[in-house]
Amino acid sequence: MKTPAVALLALALAPDLSRAADGAEIYRRKCASCHGGDGNGGSRKLGPLSSPDLQAKSDEELFAAVARGSRDGKMPAFRGRLADGELRAVVAYLRTMAPRSP
């Protein structure tokens, strides 16, 4: 039997898990060709999306980076190509790439 705190935590996390699942599909279609299916840089040898530097950024910073694209123009801006909800789903999926503690 779940304790009330565990049940509440599960309810609180459910939307994020759903959003991350949606983000995984968007990532597969829009990002994996450059960043690799697993986010480790792909054939372009980009930095891994699991890097501590990237994972230390706030959700707002990641959202802005995906929306505006890279400053050097190598990553396109996805604002206008993806709705804000889709951009947030990609950010939620990026969070699943964070290294897990042993």
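With that settled, consider the layout of surface pockets. Of the voids in this model, the largest pocket is the one considered here, and its volume is about 730 Å³. Around the largest pocket, the lining is made up of 30 residues, and of these His35, Leu49, Leu54, Ser70 and Met75 lie nearest the centre. Secondary-structure elements contributing two or more residues to the lining of the largest pocket are α1 (4-30), α2 (32-35), α3 (52-55), α4 (59-68) and α5 (84-95). Counting residues per element, the lining of the largest pocket draws most heavily on α4, at 5 residues. Across the lining of the largest pocket, the residue classes tally to 15 nonpolar, 6 polar and 9 charged.

Another aspect to go through is unusual backbone geometry. In the Ramachandran plot, Lys45 falls in the positive-phi region, its phi being about 60 degrees despite a non-glycine side chain. Residue placement: Lys45 occurs in the loop between α2 and α3.

This part is about the pattern of salt bridges. This model, assessed by the stated rule, comprises 4 salt bridges. When the shortest N-O distance is used, the salt bridge between Glu25 and Arg28 registers 2.6 Å. With a gap of 3 residues between them, Glu25 and Arg28 both fall in helix α1, about one helical turn apart. With its nearest N and O atoms 3.2 Å apart, the salt bridge here joins Asp84 to Arg79. Owing to a relative accessible area of 49%, Arg79 belongs among the partly exposed residues under this scheme. Within the structure, one salt-bridge network assembled from shared partners comprises Glu25, Arg28 and Arg29.

Calculation rules
- Here, residues in each chain are numbered from 1, in the same order as that chain's written sequence.
- This being a predicted model, a pLDDT of at least 70 is required before a residue's local features are given, and a value of 80 or more before pairs of side-chain atoms are given or counted; all residues contribute to the totals for chains, interfaces and linings.
- The side-chain figures draw on all heavy atoms in the structure; neither hydrogens nor water molecules are used.
- Each cavity reported here is a set of points on a 1 Å grid over the protein atoms alone in which a 1.4 Å probe fits but cannot get out, each pocket an open set with protein on both sides within 12 Å along at least five of seven lines, and each lining residue one with an atom within 4 Å of a point.
- Grid points are joined across faces, edges and corners, and a volume is the space filled by probe spheres set on the points.
- Under the DSSP-based scheme used, a helix requires at least four consecutive residues in state H or I and a strand at least two consecutive residues in state E, with every element numbered from the N terminus.
- We call Asp, Glu, Lys and Arg charged. Ala, Val, Leu, Ile, Met, Phe, Trp, Tyr, Cys and Pro are nonpolar, and the rest, Gly among them, are polar.
- What makes a salt bridge here is a side-chain nitrogen of Lys or Arg within 4 Å of a carboxyl oxygen of Asp or Glu, nothing more.
- Each residue is placed in one exposure class: buried if its accessible area under a 1.4 Å probe, protein chains only, is under 20% of its type's maximum, exposed if it is over 50%, and partly exposed if it falls in between.

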